[in-house]
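What follows is the residue order along each chain.
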Amino acid sequence: MAPMSSNRTAVPTFRQDMPPPGGYPSLSYKRNLPAAGPSAKWILLLGGAGIFAGLYRVATYNRERSAELEREGRGLSSIRAKIFYPNDSEITPQFRVYMNRIDLLNRINKQALENRAKQREGVQA
């Protein structure tokens, strides 16, 4: 086997790529993307329409509720008339309806109290 000479080292030579003289030509690039999502105009329009619809519903509910309270007030005024004039033989239809409601509520409350008392007896026994 022949001895290796240590004088000679193997150093590879690299050739580095460089840009051409004057540089590379400019690239034409442009982002051609569609607009993402609705525009601010549409968001404001839809938001305003939603708020308008909600306020409209609140207003109609308030109108219905005030009409119902007015009808109830008329019923109470007929009761007031019956209390102040007990000898009056004519009972208004509103008074009759109101008294039927009160009678129904009294029966429901009585049943609920009886059921509650039975449940308490069952728990305590």
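(A) Structural context of the overall build of the chain. In terms of helices and strands, the chain carries two helices and zero strands. Here the chain holds 125 residues, and the buried ones make up 4% of them. Put simply, the chain shows about 12,800 Å² of open surface, and 59% of that area lies on carbon and sulfur atoms.

(B) Seen up close, the pattern of salt bridges. Considering all chains together, one arrives at one salt bridge under this definition. Residue Arg107 is joined to Asp103 by a salt bridge in which the shortest nitrogen-to-oxygen separation is 3.3 Å. Here Asp103 and Arg107 lie together in helix H2 (residues 93-124), a separation of four residues that amounts to about one turn.

(C) Expanded view of a nonpolar patch on the surface. On the surface, Leu104, Leu105 and Ile108 cluster together into a nonpolar patch covering about 270 Å² of accessible area. One can find Ile108 in helix H2.

About the criteria used
- Residues numbered from 1 in each chain as written.
- Predicted model: local features only at pLDDT ≥ 70, side-chain atom pairs only at ≥ 80, totals over all residues.
- Heavy atoms only, no water.
- Helix = DSSP H or I, 4+ residues; strand = E, 2+ residues; numbered from the N terminus.
- Buried < 20%, exposed > 50% of the residue type's maximum accessible area, 1.4 Å probe, protein only.
- Areas by Shrake-Rupley, 256 points an atom, 1.4 Å probe, with all protein chains shown as cover.
- Salt bridge = Lys/Arg side-chain N within 4 Å of Asp/Glu carboxyl O.
- Patch = residues over 30% accessible without salt bridge, like charges linked within 9 Å, V, L, I, M, F, W, Y side chains within 5 Å.

Shape descriptors only; they carry no functional weight alone.
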